[in-house]
Amino acid sequence: MADRAASSLTEKQRYEFNKLQKRLRRLVGEAIADYRMIEDGDKVMVCLSGGKDSYTLLDVLLSLRLNAPVQFEIIAVNLDQKQPGFPEHVLPEYLSGRGIPYHIIEQDTYSIVKRVVPEGKTTCGLCSRLRRGSLYRYAAQHGVTKIALGHHRDDILETFFLNLFYGGTLKAMPPKLLSDDRRHIVIRPLAYCREKDIVEYARIKGFPIIPCNLCGSQENLQRKAMKEMLRSWERQFPGRLETIFTALQNVGPSQLADRNLFDFIGLDQARGDVSGDLGVSAAGLEVLSF
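Read on for a plain summary of the structure.

Procedures and definitions
- Residues numbered from 1 in each chain as written.
- Predicted model: local features only at pLDDT ≥ 70, side-chain atom pairs only at ≥ 80, totals over all residues.
- Heavy atoms only, no water.
- Axes fitted to C-alpha atoms, helices over the stretch in contact; angles between N-to-C directions.
- Helix = DSSP H or I, 4+ residues; strand = E, 2+ residues; numbered from the N terminus.
- Parallel < 35°, antiparallel > 145°, perpendicular 65-115°, else oblique.
- Contact = heavy atoms within 4.5 Å.
- Nonpolar A, V, L, I, M, F, W, Y, C, P; charged D, E, K, R; others polar.
- Pairing = 2+ DSSP bridges.
- 1 Å grid on protein atoms, 1.4 Å probe; cavity = no way out; pocket = protein on both sides within 12 Å on 5 of 7 lines; lining within 4 Å.
- Points joined across faces, edges and corners; volume = space filled by probe spheres on them.
- Salt bridge = Lys/Arg side-chain N within 4 Å of Asp/Glu carboxyl O.
- Buried < 20%, exposed > 50% of the residue type's maximum accessible area, 1.4 Å probe, protein only.
- Right-handed = clockwise from strand over helix to strand, strands pointing away.
- Core = buried A, V, L, I, M, F, W, Y, C linked by side-chain atoms within 4.5 Å.
- Phe/Tyr/Trp six-rings, centres within 6.5 Å; stacked < 30°, edge-to-face > 60°.
- Lys NZ or Arg CZ within 6 Å of the ring centre and 35° of its normal.

1. Some thoughts on the packing of helix α3 (residues 52–65) against helix α8 (residues 195–205)
Now for step 1: Viewed as axis vectors pointing N to C, α3 and α8 meet at an angle of 80 degrees, and their least axial separation amounts to 9 Å. By the angle class used here, α3 and α8 are roughly perpendicular. Contacts between α3 and α8 involve K52, D53, T56 and D59 from the first element and E195, I198, V199, Y201, A202 and K205 from the second.
Now for step 2: When the residues that make up the contact of α3 with α8 are grouped by side-chain class, the tally is 4 nonpolar, 1 polar and 5 charged.

See below:
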């Protein structure tokens, strides 16, 4: 059972675990409310990979549903990619033991990735696209209204800096996303949660973690560098990551340089029009008039 480790805690450890559990539930609840991730009557598909993040996501959502102000359904869905040695029994046993509705999608994406991606190259990009396609198809065929992924705050920040340093774009992973075909809503309820809290929660709960044999042994050097950079900052400047994440929620388009996002050309015509709402204060324009 997943709670076996939790039941053996000392009184002090139990106190700390209760604080951790309450913090995760509060942060997930806040993220859901802030972005209206889940509404009455939703059928939420939790994408369960067998890793610490998706186990935690499922566990917290099940707990929150008990006292939620809306009624919603949860189904756990795993994609069996036919990786050699994949322990097929682990997830069904865990989910059946907890009485959680689930479905296992069987699709041999492993062979496709190994055939297409040259030896030594990272498989993450193609693997994720194939996995996303399979999950989207299942969602469309079974009336799923929300697709829940286990990405947390650290994932979002790492992706932001990867795009900034290597992609030349200011974007990350949004807490709520409309798919490109406009058919699916993807939600990330762990968006406010720290990875180290999830690691500790999963350890104490004793989730049966399944490593990814397809790409788990590969080192995504760029993402690893971002992770180390963020950890270094957090050690040296506690609270910096929280500040950076807050910045993602407080974007000032007029203070950047994207001409598609803000009408810089129209500022000349807008000068002196105090009724116009261009996101630039009159004082700001005065400073720029030299």
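2. Comments concerning the sheet that holds strand β4 (residues 146–148)
Now for step 1: Taking strand neighbours across the sheet as the criterion, the 6 strands line up as β3-β2-β1-β4-β6-β5 in an open arrangement whose pairing is mixed. Looking at which strands have only one partner, the edges of the open sheet turn out to be β3 (102–106) and β5 (176–178). Between one strand axis and the next, the sheet turns through 25 degrees on average, direction left out of account.
Now for step 2: One ladder, built from 5 bridges, connects strand β2 (residues 73–80) with β3; its direction is parallel. In the sheet register, L79 faces β3, and the bridge partner there is I105.
Now for step 3: Lying on the sheet, α3 is in contact with β1 (43–47), β2 and β4; it crosses β2 at an angle near 165 degrees.
Now for step 4: Across the sheet, helix α4 (residues 90–98) touches β2 and β3, and the angle it forms with β3 is around 165 degrees.

3. Overview of the layout of surface pockets
Now for step 1: Taken as a whole, the second largest pocket holds about 540 Å³ of empty space.
Now for step 2: The wall of the second largest pocket is formed by 20 residues, among which F160, L170, K171, L248 and V251 lie closest to the centre.
Now for step 3: Here the element with the most residues in the lining of the second largest pocket is helix α10 (residues 240–248); it accounts for 3 residues.
Now for step 4: Considering only residue class, the lining of the second largest pocket consists of 15 nonpolar, 3 polar and 2 charged.

4. Description of the pattern of salt bridges
Now for step 1: Per the counting criterion, the structure on display carries 20 salt bridges.
Now for step 2: Two residues, K52 and D53, come together in a salt bridge whose shortest N-O distance is 3.2 Å.
Now for step 3: Residue classification places K52 among the partly exposed residues on the basis of a relative accessible area of 22%.
Now for step 4: One connected set of salt bridges, linked through shared partners, spans K52, D53, E158, E195, R223 and K227.

5. Focus: the pairing of β1
Now for step 1: Counted residue by residue, β1 has 5 buried out of 5 residues, so it is predominantly covered.
Now for step 2: Neither face of β1 is left uncovered, since the one carrying K43, M45 and C47 and the one carrying V44 and V46 both have all their residues buried.
Now for step 3: Where β1 lies against β2, 5 bridges are found, and the strand directions are parallel. Paired with V44 across the two strands is I74, which belongs to β2.
Now for step 4: For the handedness criterion, the β-α-β arrangement of β1, α3 and β2 is classed as right-handed.

6. A closer look at the nonpolar core
A general trend in soluble globular proteins is that nonpolar side chains are found buried together.
Now for step 1: Core analysis: the largest hydrophobic core is formed by 52 residues, its most contacted members being I38, V46, L58, L61 and L95.
Now for step 2: Apart from residues no more than four positions distant in its own chain, V46 is found in contact with S54, L57, L58, L61, I74, I75, A76, V77 and A148.

7. Some thoughts on the packing of aromatic side chains
Now for step 1: Within the structure shown, the criterion is met by 11 aromatic pairs.
Now for step 2: Look at F160 and F161: their rings are 5.1 Å apart centre to centre, the planes differ by 75 degrees, and that puts the pair in the edge-to-face class.
Now for step 3: Given a relative accessible area of 13%, F160 falls into the buried group.
Now for step 4: Its relative accessible area of 7% is what places F161 among the buried residues.
Now for step 5: Aromatic side chains F161 and F165 sit 5.6 Å apart centroid to centroid with 40 degrees between the ring planes, which places their arrangement in the tilted category. With a gap of 4 residues between them, F161 and F165 both fall in helix α7 (residues 153–167), about one helical turn apart.
Now for step 6: Linked through ring pairs, F17, Y55, Y94, Y201 and F207 together constitute an aromatic cluster.
Now for step 7: Directly above the ring of W233 sits R240, whose terminal nitrogen or CZ lies 5.2 Å from the centroid.

Everything listed here is a matter of coordinates, which is why it stays silent on function.
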